[in-house]
Amino acid sequence: MTNSGSVVVVGSFNVDHVWTVAALPRPGETLSGQYRTGPGGKGFNQATAAARAGAPTVFVCALGEDLGGQLARALAAADGLDLREHASHEPTGTAGIYVDHDGRNSIVIGPGANADLPVDFVESQRGAIEGAHVLLAQLESPLASIEAAFEVARAAGVRTMLNPAPADARVPASLLALSDVITPNETEFCAQLERHLGERLDASTVAALDDDALHAWCRRLLPHGTVVVTLGAAGCFVSHADVALHRDARTHYRVAAAKVQPQDTTGAGDAFNGALAASWALRPEAAFADHLHYANRYAALSTERAGAAASMPHDADVRQRFG
C-alpha cells in the first residue's frame, strides 16, 4: 500500500562550480566571468524541489567522504530530506557550469560517487520505495540501479517518473517499459526517438510541431504511458496513452509557461520534475493537467533565482506569486 503524498528520488548529488559570462565560451576562447559554487546534481535538485513543494521526500544517492558529502548531508537536513546515502570511496560528484546573460547554460559533469550507486543499496531501500506514491529518477546514476528501483516500484504499484536526462544517456527499452511517465526536453526527446525508433527529428523544430504530429511521435516512443515534453519558454506538451489519462479529459494538449523574468535557467527542468512529482503525490485525485500547471509555475519561478538546488522555491512562494 502506498503512502499518499510521499516521493522517493533516486539520483545524483553534485557540487556545482558556476561561471556567469557575457556569452558561452567557444573552443579555444578564454573569458572573464563571475564565479560561485553551490549544491546541484539532477537528483538532489529534484529532491529539493519535491520537498520544498511540500511532499515528504526520500533521496537515495551515493556520496563521497569529503566536503561535498558533508554539504549534501547538511543541506538535506535543512530541507527535511530523508537522505539515504551509499558511502562511496569515490569523490562526491561535481559539475562545471557556464551561464550567459540570457540565462542559457553549458554543463560538464564529473560523476564521481554518483557512478558508484550499487544495485544492492538501492534494493535495500525497498521499504521506502514501496511506501511512496511517486518514484522519480534521472540518468546521472548507474542505469542498472535506476532500473532496480523502478522494478521495485512497479511490483508495488508505485507510479514511476523517468526524466531521461542528460540527453546522451542510453536509456534501455526495459527502463522505458517500467516508466509510467517520462519527461524529456526537446533535445532528450529527439535523442530517445533516434535511439528507440531510428527516427531523426530536429530538436529546434519540436515546439513548432502540430499537436497531432507530436502526439503521434510520443505514442510511438512510449505506447503504454505518458510523455511530457518540456519546451522551455513555450511551456510543455503532454501525450497520454488512451488507457492512462491520469484523470485528464484529453489525450494530448499544451500547457503555457508562466510569465517571469529569467536570470538563470540552470536546474529549471529539475524544478519542473520535482514539483510535478510532489503535486502528483500530494493530490493524486486531481487531473494531471493541474499538476502540470503547478510544475510550470514552480519551474518558471526557479529561473528568477541563481543556482540549481539553491534556486528551488517553496510552495508558499509559488502560491504567493501565482495564486
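Only a predicted model underlies this, so the values are computations on that prediction, with no experimental measurement involved.

(A) Fine view of the pattern of salt bridges. Enumeration over the complete set of coordinates arrives at 17 salt bridges. In this structure, Arg 26 and Glu 29 form a salt bridge, with 3.3 Å as the shortest nitrogen-oxygen distance. On the basis of relative accessibility, which here comes to 59%, the residue Arg 26 falls in the exposed class. Judged by relative accessible area, which is 30%, Glu 29 ranks as partly exposed. In this structure, the salt-bridge partner of Arg 254 is Asp 211, at a minimum N-O distance of 2.5 Å. Here Asp 211 lies in helix H8 (residues 211-221) and Arg 254 lies in strand S13 (residues 252-255), a separation of 43 residues in the sequence. A relative accessible area of 26% places Asp 211 in the partly exposed class.

(B) Broad picture of the UniProt feature "binding site: K(+)" (unreviewed entry) in the protein chain. In the UniProt entry, the feature "binding site: K(+)" (unreviewed entry) is given for Asp 264, Thr 266, Ser 302, Arg 305, Gly 307 and Ser 311. Spatial clustering of the annotated residues is evident: they stretch over 48 residues in sequence, but the largest pairwise C-alpha distance comes to 9.5 Å. Mapped onto the fold, Asp 264 is located in the loop between S13 and helix H9 (268-282). Filtering out sequence-adjacent residues up to four positions away, Asp 264 remains in contact with Arg 36, Val 99, Gly 103, Ser 302, Thr 303, Arg 305, Ala 306 and Gly 307. Among the polar contacts made by the side chain of Asp 264, one reaches the side chain of Arg 36 at a distance of 2.7 Å. Structurally, Gly 307 can be placed in the loop between helix H10 (288-302) and helix H11 (315-322). Dropping the residues within four chain positions of it, Gly 307 is found in contact with Arg 36, Asp 264 and Thr 266.

Parameters at a glance
- Residues numbered from 1 in each chain as written.
- Predicted model: local features only at pLDDT ≥ 70, side-chain atom pairs only at ≥ 80, totals over all residues.
- Heavy atoms only, no water.
- Salt bridge = Lys/Arg side-chain N within 4 Å of Asp/Glu carboxyl O.
- Buried < 20%, exposed > 50% of the residue type's maximum accessible area, 1.4 Å probe, protein only.
- Helix = DSSP H or I, 4+ residues; strand = E, 2+ residues; numbered from the N terminus.
- UniProt positions renumbered as here; feature names shortened; annotations may be inferred.
- Contact = heavy atoms within 4.5 Å.
- Polar contact = N/O pair within 3.5 Å; in protein donor to acceptor, adjacent residues only side chain to side chain.

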